[in-house]
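# Remarks on the overall topology
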Amino acid sequence: MRRFLLAIVLLGMVGWTVYEFALASDSSDNGQEMVSDDSESEEGFAADVKKAFETAEADEAEEETTAEKEIGLEIGNLAPDFQLTTLTGEETALSDYRGSKIMLNFWATWCPPCRAEMPDMEKFHQDTDVEILAVNLTETEPHPNQVQQFADEYGLTFPILLDEKVEVATIYAIQPVPTSFMIDSEGIIQFKSIGPLTYDQMVQVSKDMD
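Residues numbered from 1 in each chain as written. Predicted model: local features only at pLDDT ≥ 70, side-chain atom pairs only at ≥ 80, totals over all residues. Heavy atoms only, no water.

## Remarks on the overall build of the chain
Applied cut-off: Helix and strand definitions follow DSSP, with helices as H or I runs of at least four residues and strands as E runs of at least two, each counted in order from the N terminus. Residue exposure (1.4 Å probe, protein chains only): buried if accessible area is under 20% of the type maximum, exposed if over 50%, otherwise partly exposed. Whether two residues are in contact is decided by their heavy atoms: any pair within 4.5 Å suffices. In these tables, accessible area is a Shrake-Rupley quantity obtained with a 1.4 Å probe, and a residue counts as shielded only by the protein chains included in the view.
Along the backbone of the chain there are 6 helices and 7 strands. Put simply, the chain runs from its N terminus to its C terminus through helices and strands in the order α-α-β-β-β-α-β-α-β-α-β-β-α. Burial statistics for the chain: of 210 residues in total, 40% are counted as buried. Put simply, of all contacts in the chain between residues at least 6 apart along the chain, 72% involve residues at least 24 apart. Carbon and sulfur atoms provide 52% of the accessible area of the chain, an area that totals close to 12,200 Å².

Structure below.
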């Protein structure tokens, strides 16, 4: 579609250039000077056309690369999109963070390894530009209030998403928690971990995505 629209625009530009050239040819007063101006105009037009096509081709190549990626849970796959409500009541989708590196973490308050991992996740959140989305398996919690109490106890400042029916956990085939996915700025899964990560591991993985 972009190439079709670009072709229409270029066609109009060509028509206008031909029209100007015809007018210039009818003018005998300017003689050789007008011919020189037309030549320069044609060279500039050709450069503009080339640049426009190169830009369009680059945009299409980027779109095709993303479109060709298979949605899945393996490294190299496009991470499945989803939308959940955060602990603060906001609707958040994974795709809202496209353009940023993401640590997608699945966890629960009753999980000891999750508790051990959280301080490192908060430090990682504070020290880097990686966005953390912590998806809580809310349906498995003894009481929903425990999620807020947990966040307050650990001083968590990154978004906590409530998977109240564990629908997203099901999409991501989560069994043991914590499980984390490191997703690059194009939405591609670059790393997957079953079990807790240390701060140093989080930093190293994020650097590997640069």
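There is more to say after this.
## Brief notes about the confidence of the model for the chain
Counted only if it meets this: pLDDT gives the predictor's per-residue confidence on a scale running from 0 to 100.
In the predicted model, the chain carries a mean pLDDT of 82, and 68% of its residues have values of at least 70. Low pLDDT (under 50) marks residues 2-25, which in the prediction has 18 contacts with non-local residues, meaning those over four places away or in another chain. When the criterion is pLDDT under 50, residues 27-31 qualifies, and its contacts beyond four places in sequence or with other chains add up to 0 contacts.

## What to know about empty space enclosed by the protein
Stated precisely, the cut-off is as follows: Computed over the protein atoms alone on a 1 Å grid, cavities are sets of points where a 1.4 Å probe fits but cannot get out and pockets are open sets with protein on both sides within 12 Å along at least five of seven lines; a residue lines them when it has an atom within 4 Å of a point. Grid points are joined across faces, edges and corners, and a volume is the space filled by probe spheres set on the points.
Inspection of every chain in the model, using the stated rule, returns 1 cavity of 30 Å³ or more. Estimates place the volume of the largest cavity at around 50 Å³. If you go around the largest cavity, the residues you meet are Ala-79, Leu-94, Ser-95, Tyr-97, Arg-98, Ser-100, Ile-102, Ile-183, Asp-184, Ser-185 and Gly-187.

## So, the pattern of salt bridges
The line we're drawing: Put simply, a salt bridge is a Lys or Arg side-chain nitrogen that is within 4 Å of an Asp or Glu carboxyl oxygen.
Under the defined criterion, the tally for this structure stands at 2 salt bridges. Here Lys-101 ties to Asp-210 by a salt bridge, and the two come within 2.5 Å at their closest N and O atoms. With Lys-101 in the loop between β2 (91-93) and β3 (102-107) and Asp-210 in the segment after α6 (199-208), this pair connects stretches of sequence that are 109 residues apart. The buried category is assigned to Lys-101, whose relative accessible area is 14%. Among the salt bridges present, the one from Lys-123 reaches Asp-127, with a minimum N-O distance of 3.1 Å. Placement of the pair is Lys-123 and Asp-127 together in helix α3 (residues 112-127), with a separation of 4 residues, close to one helical turn. Under the relative-accessibility criterion, Lys-123 is labelled partly exposed at 41%.

## Concerning the packing of aromatic side chains
In plain terms, the rule: Two aromatic rings from Phe, Tyr or Trp, using only the six-membered ring of Trp, form a pair when their centres are within 6.5 Å; if the ring planes differ by under 30 degrees the pair is stacked, by over 60 it is edge-to-face, and anything between is tilted. Working rule: Lys NZ or Arg CZ, within 6 Å of ring centre, within 35 degrees of ring normal, means a charge sits over the ring.
Scanning the model with the defined rule gives 6 aromatic pairs in all. Ring centres of Phe-82 and Tyr-172 lie 6.0 Å apart, and the angle between their planes is 90°; this geometry places the pair in the edge-to-face category. Placement of Phe-82 in the loop between α2 (31-68) and β1 (83-86) and of Tyr-172 in the loop between α5 (167-171) and β6 (179-183) is noted, with a sequence separation of 90 residues between them. Exposure class is identical for Phe-82 and Tyr-172. Each is buried. Consider the rings of Tyr-172 and Phe-181, whose centres lie 5.2 Å apart with planes at 70°: the pair is edge-to-face. Grouping residues by exposure puts Tyr-172 and Phe-181 together as buried. If you follow Lys-123 out to its NZ or CZ, it ends over the ring of Tyr-199, 4.8 Å from the centre.

## A look at the packing of α3 against α6
Pairs of packed helices are described in terms of their axes, by the angle between the two and the distance that separates them. Keep this limit in mind: Helix axes are fitted only over the stretch in contact, all axes being lines through C-alpha atoms; the angle between N-to-C directions runs from 0 to 180 degrees. Angles are sorted into four bins: roughly parallel if under 35 degrees, roughly antiparallel if over 145, roughly perpendicular if 65 to 115, and oblique for all others. Handedness of a crossing is defined here by the sense of rotation of the near helix relative to the far one, left-handed for an anticlockwise turn of less than a right angle and right-handed for a clockwise turn. As a working rule, the residues Ala, Val, Leu, Ile, Met, Phe, Trp, Tyr, Cys and Pro are called nonpolar, Asp, Glu, Lys and Arg charged, and the rest polar, with Gly in that last group.
Remark: α3 packs on α6, axes separated minimally by 9 Å, with the N-to-C direction vectors making an angle of 40°. Looking at the two axes, α3 sits oblique to α6. Pair α3 / α6 crosses with right-handed handedness. Within the contact between the two elements, α3 uses Glu-117, Asp-120, Met-121, Lys-123, Phe-124 and Asp-127 and α6 uses Tyr-199, Met-202, Val-203 and Ser-206. Across the contact of α3 with α6, the residue classes tally to 5 nonpolar, 1 polar and 4 charged.

## Describing the nonpolar core
Looking at soluble globular proteins, one finds that nonpolar side chains tend to be buried together. The condition is simple: We define the nonpolar core as a collection of buried residues of types Ala, Val, Leu, Ile, Met, Phe, Trp, Tyr and Cys that are connected through side-chain atoms lying within 4.5 Å of one another.
Phe-82, Met-103, Leu-104, Phe-106, Phe-124, Ile-160 and Tyr-172 are the most contacted members of the largest nonpolar core, which totals 46 residues. When residues of this core are traced back to their parent elements, those giving at least two are β3, α3, β4 (131-136), α4 (145-154), β5 (160-162), α5, β6 and α6. Tallying contributions element by element places β3 first for this core, with 5 residues. Setting aside residues up to four positions removed in sequence, Phe-106 forms contacts with Val-135, Leu-137, Val-168, Ala-169, Tyr-172, Ile-174, Val-177, Pro-178, Thr-179 and Phe-181.

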